[in-house]
Structure formats: C-alpha cells, structure tokens
Amino acid sequence: MAQEPGTSEQARTSGDAVERTAADTASAPSPASALPSPPAPPSPPAPAPEELSDLRVLKALAQPRRQQVLQHLIVHGPATSATLARALGLNTGATSYHLRELARYGFVEETRDGGPGGSAPGPGHGRERWWRAVPGDRRFPPPSRQSPETRLVIDELNRQSYAADLGLFEQARRDSGAGPDEWADAFPFSRGTVRLNLAELHEFFEEYIALLNRYKRPDRDTPADARTVLTRFLAFPAPRDNSKETDTP
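Counting from 1, residues in each chain are numbered in the order their sequence is written. Predicted model: local features are reported for residues with pLDDT of at least 70 only, side-chain atom pairs are reported and counted for 80 or more only, and whole-chain, interface and lining totals are derived from all residues. Note that water and hydrogens are dropped before the side-chain values are worked out from all heavy atoms of the structure.

With respect to the overall build of the chain
Segments assigned H or I by DSSP are reported as helices when at least four residues long, segments assigned E as strands when at least two residues long, and all are numbered from the N terminus. Looking only at helices and strands, the chain features eight helices and five strands. Traced from its N-terminal end to its C-terminal end, the chain shows the element sequence α-α-β-α-α-β-α-α-β-β-β-α-α. Relative to its full complement of 249 residues, the chain shows a buried share of 21%. Carbon and sulfur atoms make up 54% of the accessible area of the chain, which totals about 19000 Å². Only protein chains enter the calculation, and the probe is 1.4 Å; a residue is then buried if its accessible area is under 20% of its type maximum, exposed if over 50%, and partly exposed in between. Working definition of accessibility: Shrake-Rupley area with a 1.4 Å probe, residue cover restricted to the visible protein chains.

Written out as structure tokens, the structure reads:
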C-alpha cells in the first residue's frame, strides 16, 4: 500500500499524530497544483441507418460465397484474400473477386491495421492486401415498399442469415464443451412475450439498436480479454388464433 508523504503506514492506519518536516511538506502536492484528469474520449456517434433498397446491391450481397466472405470478416476480423480462401475452401482468385464486389458496394474496405498485432500494410503497400468489414446500421425496406423481385432477394438473404446464425451458434456450443473454458457459461438466452402496438414495437427495436451501439467501441478502448460476441434480435407478431374466430350466420 502506498504511503502518504512523511507518514508511516502504522501511524496512518492507527490515527497517531505524526510530525511533518519541511521536506515532507514541500514534497506533498497541493490540491491547487494537481493536474486535472484528462476528459474521457467521446464515444463515436452511432451510424445513421442505411436502407438497402437498390436491387443491384441486394443481388450482389445475396451471392452465397460473398455472404461467407463477409461473415468471416465480421466474426473473425480483418483478413487477406489468401487467408479467406484457406478458411472457406475457395481459390484466391475467386475470393479476390468477391472482395472487390463487396468493396464496390461499401460492405468491405482495405485496412491499414488489420493484421496480427496491427501490423497489416496500408492500401497499396506490400504484397498482401488486408480487408475488413465496414460497420454500419443497414436495414431492408419494409415489405410494403418491396417489389416482388426485391422481396425474393431479401427472402433469400434472410434464409442464408438464419442458416449461418444457427451454424455459428451450434459451433459455439460444441466448442464450449470441448474442454475447460470460462466462457462456457456465457450463453445468455431469452425467450419472452410482450403485448405491444406497432409504434411500441418500433420503439423497442430502436432501443435495442441504441443499447448495441453503446457497447461498440474502437479497438484501442476494448479490454484485452474481450471476445467477439454475436448478438441477434428477432421479434415478430404471434400468429393469430383462428380457433377463437366465430362463424357468422
């Protein structure tokens, strides 16, 4: 335990009076001379919602291999086309093409600090090009504004997402049972029901997004023992109970 200037540990803890010398007094900083703590850096602003309504963008995103590439970057962080090819069982040429297409529509970008230990070269430097997923709040248009073709593409994107999410969850459960792991109990899961009107459901969703953004932070502010945690939100009106309908005469 650190000691106060001119005060022994025994005297400080027992409350005994201690004579302070001139040297002791001079070495003790006065409150007026103490420097204020620097202000905490402001949290980054939450991204503005971006609606994905362009059919060309949706079709580009719905390509299954492209979805795999994007998901790998989101879950595992920045990678090169070579490491992605090995992880996904693709050839490097195909992976590079999918990365360029994803970058064309703003889903991925080259990064300067994506390599191990932040050592990745910047864009256009070195032989390896590192890529990262671009964060954002991307949303599909509501069904009332979807054309029949757009709805087919969005339905396919949702189908791929549900299957990928289930696969990741099952893999995490298998990995947690493979050996001692303090994260093995970190599977918060909740199922519930609540009665809401349409406006309240929209508000509920926006509050969830705000909570998610509150915990997002730059890498420099992330604890060393942090891990990527996948969160999913799904809310939908319960099917109507047709048994309660009465026949009209």
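Concerning the confidence of the model for the chain
Each residue carries a pLDDT score, the predictor's confidence in it, ranging from 0 to 100. Within the chain, residue pLDDT values average 79, and 73% of them lie at 70 or more. Contacts are assigned to residue pairs that have any heavy atoms within 4.5 Å of one another. Considering only residues more than four positions removed or in separate chains, one finds that residues 1-34, a stretch of pLDDT under 50, has 20 contacts.

Considerations on the side chain of N213
Within the secondary structure, N213 sits in helix α8 (residues 198-214). Sequence-distant contacts of N213, that is, excluding residues within four places in its chain, are made with A46 and P47.

A closer look at the environment of F204
Inspection of the secondary structure assignment puts F204 in helix α8. Note: C-alpha distance between F204 and A235 (31 residues apart in sequence) is 9.6 Å. In this structure, F204 is in contact with L196 and F233, ignoring residues within four places of it in sequence.

Some thoughts on the pattern of salt bridges
Take a side-chain nitrogen of Lys or Arg and a carboxyl oxygen of Asp or Glu: if they are within 4 Å of each other, that pair is a salt bridge. By the definition in use, this model includes 11 salt bridges. Notably, a salt bridge pairs R138 with E50, separated by 3.8 Å at the nearest N-O pair. Taken together, the residues span a long stretch of sequence, with R138 in strand β5 (residues 137-139) and E50 in strand β1 (residues 49-51) at a distance of 88 residues. Owing to a relative accessible area of 40%, E50 belongs among the partly exposed residues under this scheme. Residue R232 is joined to D165 by a salt bridge in which the shortest nitrogen-to-oxygen separation is 2.8 Å. In this pair, R232 sits in the segment after α8 while D165 sits in helix α7 (residues 148-176), placing the two residues 67 residues apart along the sequence. By relative accessible area, R232 is classed as partly exposed at 49%.

Quick notes on the packing of aromatic side chains
Aromatic pairs are defined between Phe, Tyr and Trp rings, using the six-membered ring for Trp, whenever the two ring centres lie within 6.5 Å; interplanar angles under 30 degrees are classed as stacked, those over 60 as edge-to-face, and all others as tilted. If you walk through the whole model with that rule in mind, you get three aromatic pairs. Their ring planes at 55 degrees and their centres at 5.7 Å tell us that F205 and F233 sit as a pair that is tilted. One end of the pair, F205, is in helix α8; the other, F233, is in the segment after α8, and 28 residues separate them in sequence. According to the relative accessible area criterion, F205 is partly exposed, its value standing at 27%.

A few points about the packing of helix α5 (residues 81-88) against helix α6 (residues 92-104)
Between two packed helices, both the angle of their axes relative to each other and the distance between the axes serve to describe the pair. The convention used is that axes are lines fitted to C-alpha atoms, helices contributing only their stretch in contact, and that angles between N-to-C directions extend from 0 to 180 degrees. The geometry of α5 relative to α6 is characterised by a closest axis approach of 8 Å and an angle of 115 degrees between their N-to-C directions. Taken as axis vectors, α5 and α6 run roughly perpendicular relative to one another. Here α5 runs over α6; the crossing is right-handed. For the pair α5 and α6, contact is made by S81, A82, L84 and A85 and by T92, T95, S96 and L99, respectively. Side-chain classes follow a simple rule in which Ala, Val, Leu, Ile, Met, Phe, Trp, Tyr, Cys and Pro form the nonpolar group, Asp, Glu, Lys and Arg form the charged group, and the remainder, Gly included, forms the polar group. Counted by class, the contact of α5 with α6 contains four nonpolar, four polar and no charged residues. Working definition: roughly parallel below 35 degrees, roughly antiparallel above 145 degrees, roughly perpendicular at 65 to 115 degrees, and oblique for all remaining angles. Two helices that cross are described as forming a left-handed crossing if the nearer one is turned anticlockwise from the farther one by less than a right angle, and a right-handed crossing if clockwise.

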